[in-house]
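Analysis of the macromolecular model
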Amino acid sequence: MQANILGIELNNDFSQISYYDEQIDEVVTYKTVTGEEQIPMAISYFDDQWEIGNKAMEIYKDYPDKVSKDIFNFAISRSMVYQGGIKYPAVVLLTHYIEKLLAKFSSTEYLTFVVSDANIDTTGMLISIGTRLGINKNKIFVIDNKEAFCRYMLYQPKELWQYESALFTCDEKEMKAYMLKSIKPDLDKQREFIIVDKVGSARLDELNAIKPFVANLNKTADESFTDFVKSIFDKKVISSVFLTGVGFEDQWYPETLKYINNGLRSFIGNNLFSKGGVYLSYSKK
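Residues numbered from 1 in each chain as written. Predicted model: local features only at pLDDT ≥ 70, side-chain atom pairs only at ≥ 80, totals over all residues. Heavy atoms only, no water.

Structural notes on the sheet that holds strand β6 (residues 49–52)
Condition: Strands are labelled as partners when DSSP assigns at least two bridges between them. Counting from the N terminus, the helices are the DSSP runs of H or I reaching at least four residues and the strands are the DSSP runs of E reaching at least two. To define axes, lines are fitted to C-alpha atoms, for helices over the stretch in contact only, and angles between the resulting N-to-C directions are given on a 0 to 180 degree scale. Any two residues whose heavy atoms approach within 4.5 Å are treated as being in contact.
Here we have three strands laid out as an open sheet, ordered β6-β5-β7, and antiparallel in their pairing. Looking at strand neighbours, the two that pair on one side only are β6 and β7 (67–69), the edges of this open sheet. Adjacent strand axes in the sheet meet at a mean angle of 20° when their direction is disregarded. Relative to β6, strand β5 (residues 42–46) runs antiparallel, the two being bridged by four bridges. Looking at β6, one finds that Ser44 is bridged to Glu51. Its contacts with the sheet place helix α3 (residues 90–102) against β5, β6 and β7, and it is angled at close to 80° to β6.

Remarks on the nonpolar core
Stated formally: Residues grouped as a nonpolar core are buried Ala, Val, Leu, Ile, Met, Phe, Trp, Tyr and Cys residues, joined through side-chain atoms within 4.5 Å. Relative accessibility thresholds used throughout: buried, under 20% of the residue-type maximum; exposed, over 50%; partly exposed, between the two (1.4 Å probe, protein chains only).
With 35 residues, the main nonpolar core has Ile8, Leu10, Leu94, Tyr97, Ile98, Phe113 and Leu126 as its most contacted residues. Every element with two or more residues in this core is listed here: β1 (5–10), β2 (14–21), β6, α2 (71–76), α3, β10 (110–115), α4 (120–132) and β11 (140–144). No other element matches the seven residues that α3 contributes to this core. In this view, Ile8 contacts Gln16, Ile17, Leu101, Leu102, Leu111, Thr112, Phe113 and Val114; residues no more than four positions away in its chain are not counted. The next biggest cluster of nonpolar side chains, apart from the first, holds 24 residues, and it includes Tyr20, Val114, Ala148 and Met153.

Re the pattern of salt bridges
Filter applied, for reference: The rule for a salt bridge is simple: a side-chain nitrogen of Lys or Arg has to be within 4 Å of a carboxyl oxygen of Asp or Glu.
The final tally for this structure, using the stated rule, is five salt bridges. Here Glu109 ties to Lys139 by a salt bridge, and the two come within 3.0 Å at their closest N and O atoms. With Glu109 in the loop between α3 and β10 and Lys139 in the loop between α4 and β11, the pair connects residues that are 30 residues apart, well separated along the chain.

Quick notes on the confidence of the model for the protein
The test is simple: As a per-residue quantity, pLDDT reports the predictor's confidence and falls between 0 and 100.
Per-residue confidence for the protein gives a mean pLDDT of 88, with 89% of residues at or over 70. At the level of individual helices and strands, the protein shows its lowest average pLDDT in helix α6 (residues 204–207), which scores 64, and its highest in β10, which scores 98. Counting interchain partners and residues more than four positions distant, the pLDDT-below-50 stretch residues 210–217 has nine contacts.

A word on the packing of α3 against α4
How we decide: Our angle categories are set so that under 35 degrees counts as roughly parallel, over 145 as roughly antiparallel, 65 to 115 as roughly perpendicular, and the remainder as oblique. By definition, any crossing whose near helix is turned counterclockwise from its far helix by less than a right angle is left-handed, and any crossing with a clockwise turn is right-handed. Polarity classes work like this: nonpolar for Ala, Val, Leu, Ile, Met, Phe, Trp, Tyr, Cys and Pro, charged for Asp, Glu, Lys and Arg, and polar for all others, with Gly in that last group.
At their nearest, the axes of α3 and α4 sit 10 Å apart, and the two run at 55° to each other. Looking at the two axes, α3 sits oblique to α4. Note that α3 runs across α4; the crossing there is right-handed. Contact residues: Val91, Leu94, Thr95 and Ile98 in α3; Met125, Leu126, Ile129 and Arg132 in α4. Looking at the contact of α3 with α4 residue by residue, the class counts come to six nonpolar, one polar and one charged.

Structural notes on the packing of aromatic side chains
Here a ring pair, both rings aromatic, is described through the centre-centre distance and the interplanar angle of the planes. Rules: Stacked, edge-to-face and tilted are the three classes for Phe, Tyr and Trp ring pairs, Trp counted by its six-membered ring, which pair at centre distances within 6.5 Å; planes under 30 degrees apart are stacked, over 60 edge-to-face, the rest tilted. Two thresholds decide whether a charge sits over a ring: the Lys NZ or Arg CZ must be within 6 Å of the ring centre and within 35 degrees of the ring normal.
The final tally for this structure, using the stated rule, is 21 aromatic pairs. Summarising the aromatic geometry, the rings of Phe168 and Phe225 are spaced 6.1 Å apart at their centres and angled 85° between planes, so their arrangement reads as edge-to-face. Remark: Phe225 occurs in helix α7 (residues 215–233) and Phe168 occurs in strand β12 (residues 164–170); sequence separation between them is 57 residues. We note that Phe168, like Phe225, is buried. Its end group placed over the ring of Tyr259, Lys230 keeps NZ or CZ at 5.4 Å from the ring centre.

Details of a negative patch on the surface
Note the cut-off: Patch membership is restricted to residues that have no salt bridge and whose relative accessible area is over 30%. Joining uses 9 Å for like charges and 5 Å for the nonpolar side chains Val, Leu, Ile, Met, Phe, Trp and Tyr. The method behind every accessible area is Shrake-Rupley, applied with a 1.4 Å probe, and residues are considered shielded solely by the protein chains displayed. Positive charges come from Lys and Arg, negative ones from Asp and Glu, while His and the chain ends are left out of the count. The location of each charge is read from NZ of Lys, CZ of Arg, CG of Asp or CD of Glu.
Among the surface-exposed residues, Asp13, Asp70, Asp171, Glu172 and Glu249 lie close enough to one another that they form a single negatively charged patch. By secondary structure assignment, the location of Glu172 is in the loop between β12 and β13 (174–185). Judged by relative accessible area, which is 59%, Glu172 ranks as exposed.

In structure tokens form, the structure reads like this:
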């Protein structure tokens, strides 16, 4: 694939790659052969070659001892991981994993990693991995989800960021809310974000929103989410709302959506952070 400006979101469950497509002048999210945008955080050395993602998960069904999962968190903690009776530093497995991701593209010149916590240790580890894979150290960047949100918004139409923009993230444990306060143009007409704040959070068990299967519980979860959104929006002028994360994949919140969509532009998807990474990479050209 012809692309050399990339953004990769990494977490303990999956990775996701977006890239700048010069031919259509757009940021695009990579899809697997099965049409999925999220690549499981799993790796296996099987039949003398490394396999990652869905291929590794297929191997896991029959040979669980030959597959390593959760390698991102293990790499952050500098742990050792057993696979097929061999002990590996988790950072080595993560390096092989990222190498396989990058192999999908003809070359990589600018690369931004997006992680939940871009602390000095994680940043150093990822820059070291990228350098080891042949990318110029000065063209590798590591940002957190908040900055990725900002970078994404910088390239959106003005009506989406004219006032405040809300971001809700939801994984299997927690929901978080962030607010982009304002964006203003500088003298060169390049928009710059002013500030983005975490303005709320709640454990999913507190919201009664853990993958509800019963209609009555579904209603309770939806009502709790609506109340949570109302508390975040109180006395604010909102231009747009973004929902991202695996917790929003099941449509358990129709009443909340109805409330959000009453006069607001809303977007649901899981590629906001990887695209934000691409926009940062693009800005460094």
